[in-house]
Amino acid sequence: FQGEGFFEVSKNPSKPFIVQYAGLYTKVLGTSFNIRAFDKEEKLDVTVATGRVEVGKGKKAFAALKPGQQPDVETD
């Protein structure tokens, strides 16, 4: 993924929804959230509107975010 997008994902635990960018991922099971990820920016912005998302790299999760929380994740 590159750019900015708002996602509304229906809950389905057997099929998690994953957005990938520059080796990072945002994983959700049912929520609405916005991602802002551009090539020239060193930071990934994830804003949770409802539910919860997980942000990480490879198999390591950095944060589980709820509405109002922001990750502190560099893209490099």
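On a predicted model such as this, the values are computed, not experimentally measured, just so you know.

**A look at the sheet that holds strand β2 (residues 17–21)**
Overall, antiparallel pairing links the four strands, which are arranged β2-β3-β6-β7 in an open sheet. Each end of this open sheet is capped by a strand with a single partner; those strands are β2 and β7 (60–65). Geometrically, the sheet is characterised by an average inter-axis angle of 20 degrees between neighbouring strands, direction not taken into account. Of the pairings in the sheet, the one linking strand β3 (residues 24–28) to strand β6 (residues 53–57) comprises five bridges and is antiparallel in character. Each bridged residue has a counterpart across the sheet, and for V28 the counterpart in β6 is V53.

**Comments concerning the side chain of N34**
By the element assignment, N34 lies in strand β4 (residues 31–37). Among the residues examined, N34 registers a relative accessible area of 19% and is labelled buried. At 3.2 Å, the side chain of N34 forms a polar contact with the side chain of E4. Filtering out sequence-adjacent residues up to four positions away, N34 remains in contact with E4, G5, F6, D45, V46 and T47.

**Some details on the packing of aromatic side chains**
A complete count under the given rule lists three aromatic pairs for this structure. Taking 5.7 Å as the distance between ring centres and 65 degrees as the angle between the ring planes, the aromatic pair formed by F1 and F7 counts as edge-to-face. The class of F7 is buried, set by a relative accessible area of 17%. Between F7 and F33, the ring centres sit 5.2 Å apart and the planes meet at 20 degrees, which makes this aromatic pair stacked. Placement of the pair is F7 in strand β1 (residues 3–9) and F33 in strand β4, with a sequence separation of 26 residues.

Definitions and limits used
Throughout, residues of each chain are indexed from 1 in the direction in which the sequence is written. Restriction of local features to residues with pLDDT of at least 70 applies here, the model being predicted, together with a cutoff of 80 or more for giving and counting side-chain atom pairs; totals for whole chains, interfaces and linings are based on all residues. Here the side-chain values reflect all heavy atoms present in the structure, with hydrogen atoms and water set aside. In this scheme, strands are said to pair when DSSP sees at least two bridges between them. Counting from the N terminus, the helices are DSSP H or I runs at least four residues long and the strands are E runs at least two residues long. What counts as an axis is a line fitted to C-alpha atoms, over the stretch in contact for a helix, and the angles between N-to-C directions run from 0 to 180 degrees. The buried label goes to any residue with under 20% of its type's maximum accessible area, the exposed label to any with over 50%, and the partly exposed label to all in between, with areas taken from a 1.4 Å probe on protein chains only. N or O atoms within 3.5 Å of each other form a polar contact, as long as, within protein, one can give a hydrogen and the other can take it, and as long as residues adjacent in sequence are counted only when both atoms are side-chain atoms. Every residue pair with non-hydrogen atoms within 4.5 Å of one another is taken to be in contact. Pairing of aromatic side chains here covers Phe, Tyr and the six-membered ring of Trp, requires ring centres within 6.5 Å, and sorts the geometry by plane angle: under 30 degrees stacked, over 60 edge-to-face, intermediate tilted.

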